[in-house]
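An overview of the molecular structure
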Amino acid sequence: MPLNVYETRQSVWTVLHIDGELDLVSSPEVRRHVHAAVAAGRRDVVLDLSDVVFCDSSGVGVLIAARRLLQSCGGRLRLVLPARGVVEGSHVNRVLGSLGVRRLFDVYGDTGAATGDEATPLSA
């Protein structure tokens, strides 16, 4: 399954909608999109992972690298993972949790919550 990334803007947030498999082959594409946003001066990025059906360690690595990059330039990174009970989209959340890195990220149930002015992340 190929990876697709498309970008939208919501207020100050750049939202990268990602669907498909986030793995060794496709993770450089996500990295390019994050770097392009930062190079364009956009420092507030939401990665919408609702439609990611598979994520391996390379995918996790690109998420951690994106977090590090945005922190280094004073930006913010938020992840969107589906609400509980959505089996198709819960894979990324399970992978992040099993690796013990879920707590590193501010996670939201949908893009509206992630881009809100008074957004409160879901608990780890």
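See the structure above.
Residues numbered from 1 in each chain as written. Predicted model: local features only at pLDDT ≥ 70, side-chain atom pairs only at ≥ 80, totals over all residues. Heavy atoms only, no water.

Remarks on the overall build of the protein
Across its full length, the protein carries four helices and five strands. Helices and strands appear in the protein in the N-to-C order β-β-α-β-α-β-α-β-α. In summary, the protein has a C-alpha radius of gyration of 13 Å against a globular reference of 14 Å for 124 residues, a match within 12%. C-alpha extents for the protein along the principal axes are approximately 35 × 30 × 25 Å. Counting every position in the protein, which comprises 124 residues, the buried fraction comes to 43%. Partitioning the intrachain contacts of the protein with sequence separation of at least 6 by distance along the chain shows that 68% fall at a separation of at least 24. For the protein, the exposed area adds up to about 6400 Å²; of that, 51% sits on carbon and sulfur atoms. Both charge centroids of the protein, one from 13 positive and one from 14 negative side chains, sit 9 Å from each other. (Helix = DSSP H or I, 4+ residues; strand = E, 2+ residues; numbered from the N terminus. Rg over C-alpha atoms; globule rule 2.2 N^0.38 Å. Buried < 20%, exposed > 50% of the residue type's maximum accessible area, 1.4 Å probe, protein only. Contact = heavy atoms within 4.5 Å. Areas by Shrake-Rupley, 256 points an atom, 1.4 Å probe, with all protein chains shown as cover. Lys, Arg positive; Asp, Glu negative; His and termini not counted. Charge placed at Lys NZ, Arg CZ, Asp CG, Glu CD.)

Digging into helix α3 (residues 91-98)
Of all the residues in α3, the buried ones are H91, V92, V95 and L96. Buried residues along α3 cover an arc of 130° about the axis, so they all sit on one side. Seen from the buried face of α3, the exposed residues on the opposite side, beyond 90 degrees, are R94 and S98. In the core, the buried residues of α3 are packed alongside β3 (44-55), α2 (57-72) and β4 (76-80). (Arc of directions from axis to C-beta.)

Observations concerning the nonpolar core
Counting residues in each nonpolar core, the largest one holds 28 residues, and the members touching the most others are L47, L49, L79 and L96. The set of elements that each furnish at least two residues to this core consists of β2 (13-22), α1 (27-39), β3, α2, β4 and α3. For L79, the contacting residues outside a window of four places in its chain are L47, L49, L63, L96, F105, D106, V107 and Y108. Core analysis: the next-biggest nonpolar cluster, separate from the first, contains six residues, V46, V80, Y108 and A114 among them. (Core = buried A, V, L, I, M, F, W, Y, C linked by side-chain atoms within 4.5 Å.)

Bear in mind that shape data such as this cannot, by itself, settle questions of function.
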